[in-house]
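Chain by chain, the residues run as shown.
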Amino acid sequence: MRQSTSSILALAVVGAVKVGAHQGCGGQEIAKRNLGMMDVGVEGLYVADGSTDAPTECAYYSYPPVTAAKSQFPTIWEIASLVPGDAEAAAVFAQVQAKVNATVGAVRMKGTPNGDFSAFTPTYNASDTDCWWTYKECQSPPSPPTSFVVLLTDSATQRPTGTTPKHPNLPADIIDLPEPRSLGIGFDDGPNCSHNAFYGFLRANEQQATMFYIGSNVMDWPLQAQDAIADGHQIAIHTWSHNYMTALTTEQAFAELWYTRKAIQLVTGVTPLSWRPPFGDIDDRIRTIAQALNLTSILWQSDSDDWRINTGTPPVTSAQIDANYQNLINGVNNGTYDKRGTIMLTHELNNFTMSEAIKWYPMLKAAFGKLVPIASAYNLTHPYAEGNISYPDFGGNSAAAVSSSTSVSASASGTGASATGTMKTSVAAGSGTAASSAGSAQPTPTAARAKSAAFKSSASTTQLMGTIVGGFAVLSWFC
Ligand SMILES: [Zn+2]
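Procedures and definitions
Residues numbered from 1 in each chain as written. Predicted model: local features only at pLDDT ≥ 70, side-chain atom pairs only at ≥ 80, totals over all residues. Helix = DSSP H or I, 4+ residues; strand = E, 2+ residues; numbered from the N terminus. Buried ≥ 20, exposed ≤ 12 C-beta atoms within 10 Å, placed from the backbone. Contact = placed C-beta atoms within 7 Å. Core = buried A, V, L, I, M, F, W, Y, C linked by C-beta atoms within 7 Å. Pairing = 2+ DSSP bridges. Axes fitted to C-alpha atoms, helices over the stretch in contact; angles between N-to-C directions. Parallel < 35°, antiparallel > 145°, perpendicular 65-115°, else oblique. Left-handed = near helix turned anticlockwise from the far one by under 90°. Nonpolar A, V, L, I, M, F, W, Y, C, P; charged D, E, K, R; others polar. Expected span 1.5 Å × (residues − 1). Arc of directions from axis to C-beta. Bend = angle between axes of the 7 residues up to and from the residue.

### A look at the overall build of the protein chain
Then step 1. Of regular secondary structure, the protein chain possesses 15 helices and 10 strands.
Then step 2. Taking all 479 residues of the protein chain together, the buried fraction comes to 54%.
Then step 3. Nonlocal contacts in the protein chain, meaning residues at least 24 apart in sequence, comprise 79% of its contacts between residues at least 6 apart.

### Here we look at the nonpolar core
Nonpolar side chains in soluble globular proteins tend to be buried together.
Then step 1. Y213, L257 and I264 are the most contacted members of the largest nonpolar core, which has 103 residues in total.
Then step 2. The element best represented in this core is helix α9 (residues 250-268), accounting for 10 residues.

### Some remarks on the pairing of strand β4 (residues 210-213)
Then step 1. Here β4 shows two buried faces, one formed by T210 and F212 and the other by M211 and Y213.
Then step 2. Two strands pair when backbone bridges link them, and strand β3 (residues 186-190) and β4 are joined in this way by four bridges, in the parallel orientation. Within β4, the position partnered with G186 by the bridge is T210.

### Things to note about the packing of α9 against helix α10 (residues 284-292)
Then step 1. At a minimum axis distance of 10 Å, the contact between α9 and α10 shows a crossing angle of 45°. By the criterion of interaxial angle, the relationship of α9 to α10 is oblique. Of the two elements, α9 crosses α10, and the hand of that crossing is right-handed. Contact with α9, carried on its side by T250, A253, F254 and L257, involves R285, I286, I289 and A290 of α10 and no other residues of that element.
Then step 2. Per-class residue counts for the contact of α9 with α10 are six nonpolar, one polar and one charged.

### Some remarks on helix α4 (residues 87-104)
Then step 1. In this model, α4 (18 residues) spans 25 Å end to end at C-alpha, consistent with the 26 Å of a helix rising 1.5 Å per residue.
Then step 2. Within the sequence span of α4, burial applies to F93, V96, V100 and V104. For α4, the angular spread of buried residues about the axis comes to 65°, placing them on one side. Exposed and facing more than 90 degrees away from the buried side of α4 are A87, A91, A94, Q95, A98, N101 and A102.
Then step 3. Of the surrounding secondary structure, the elements contacted by the buried residues of α4 are α9 and α10.

### Some words on helix α12 (residues 351-368)
Then step 1. Taking 1.5 Å as the rise per residue, α12 with 18 residues should run 26 Å; its terminal C-alpha atoms sit 24 Å apart, in good agreement.
Then step 2. The sharpest bend along α12 measures roughly 45° and falls at W360, with the proline P362 sitting one to four residues further on.
Then step 3. Looking one or two residues past α12, G369 carries a phi angle of roughly 80°, positive in sign.

### Regarding the pairing of strand β9 (residues 341-345)
Then step 1. Most of β9 sits out of view: five of its five residues are buried.
Then step 2. Side-chain alternation along β9 places G341, I343 and L345 on one buried face and T342 and M344 on a second face that is also buried.
Then step 3. Across two bridges, the pairing between strand β2 (residues 182-184) and β9 is parallel. The residue of β9 that forms the bridge with L183 is T342.
Then step 4. Two elements, strand β8 (residues 302-303) and β9, share two bridges in a ladder whose sense is parallel. Within β9, the position partnered with S302 by the bridge is M344.

### Considerations on the packing of helix α8 (residues 222-230) against α9
Then step 1. Closest axis-to-axis distance for the α8/α9 pair is 9 Å, and the angle between their directions is 80°. Judged by the angle between their axes, α8 and α9 are roughly perpendicular. Residues P222, A225, Q226 and I229 of α8 touch α9, and the partners they reach there are I264, V267 and T268.
Then step 2. Class assignment for the residues of the contact of α8 with α9 results in five nonpolar, two polar and no charged.

### A few points about unusual backbone geometry
Then step 1. The omega torsion across G190 and P191 is -5°, close enough to zero to call that bond cis.
Then step 2. One can find P191 in the loop between β3 and α6 (196-204).
Then step 3. At the junction of T313 and P314, the peptide bond is cis and its omega measures out at -5° in the coordinates.
Then step 4. Among the structural elements, P314 can be located in the loop between β8 and α11 (318-333).
Then step 5. Even without being glycine, C131 reaches a positive phi, approximately 50°.
Then step 6. Tracing the backbone shows C131 in the loop between α4 and α5 (133-136).

### Here we look at the environment of S302
Then step 1. Inspection of the secondary structure assignment puts S302 in strand β8.
Then step 2. In this structure S302 comes out as buried when scored by C-beta crowding, with 23 C-beta atoms within 10 Å.
Then step 3. Along the chain, S302 and T342 lie 40 residues apart, while their C-alpha atoms are 8.1 Å from each other.

Distances and angles like these do not, on their own, reveal function.
Next up, the structure:
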């Protein structure tokens, strides 16, 4: 099945509603594309695999491994904290708290969880003692106040300046790539329940990416999360409830990472070793927590602003977002990335952001040539705690062929997507085992990827679809 870009865009009707912006990170708005966990109580077939119809894809289903474990997790879409009785998490957190107290105890909590820093910044040291990325991108002098920010670089090393934490023994954030004229490709805020067309497009182009997953989305849409593994994408953590991390207590920030990692492990069998802070909101206290959990912090060098579509005053237009993509390509042509590659922030957020990614993909590929997940860009061939799962290095991944520029077809869900297929064989869902049954490599994009025999309420499908689709209009907004 081939699908035009326009028909993909037409799907944006669902979930494209918006409400008022909040501040910080530009006032980002995101539809929470779910209604939270609902125990429908009846298990049946999951029929969305193969569909690119958003209401069908987003019809709620009950997935027993998640349902059975729900009491071990914080409430979905609420700021996480330690789950009562979770002795393992409590023991690890005690160690993290001690480390925070000993090394960055003077770093204060900042602002509010929804990004209002107006009461904090007037009291903050202008020299940015906490290496607070949201403040000045940890630079001195600050970067130009533009929506499309290319960080200043050190003229000798061509490394971006200012990303080295102010406190000792903390690793720098990743914001660019070591390989010249390469582009790190990744998408935030998934898994989106209606991503079949988008993931199908990436699959058709043999393109892997880094998927920064929100824990609550993983719990709501576990089969969609498994798509990432089946397609060879790298999964990274994007917190549990998608709030501003520097505003959270140390326990909350720890829990946001801990339980998202646990959810991803539960559903996909892999335990990510990297994460991206929502809104880029990280300081040395949050870095310390992430480091204690063995998580590498990945940010970005420029922002597509795709998440800002139709928000703000005046509203951000698609033309402005297109201009940001074009500026990135211009940077290739004018030599900006001749010594180091770059990372742009893009989203698996709604059909607009996914359609933009599809539209610009051939042009980005033509300009950069090498579009790679972050793990591959850094030759991190073991991006998960499961050491027996390997991942392609830069050479292995950048060699992937790109199909023709007409490939904005979104080939639904690839092969084996019949409604009565068998369970996805590459992921032992809920068993806690590694994603690769062979134990040596992540499944390839051509791996069998049928999940149709999984778990969807068959008793009240129509009713649920109506409820969920209608629910898009009243839900909260995220970055
Ligand atoms: Zn995000």
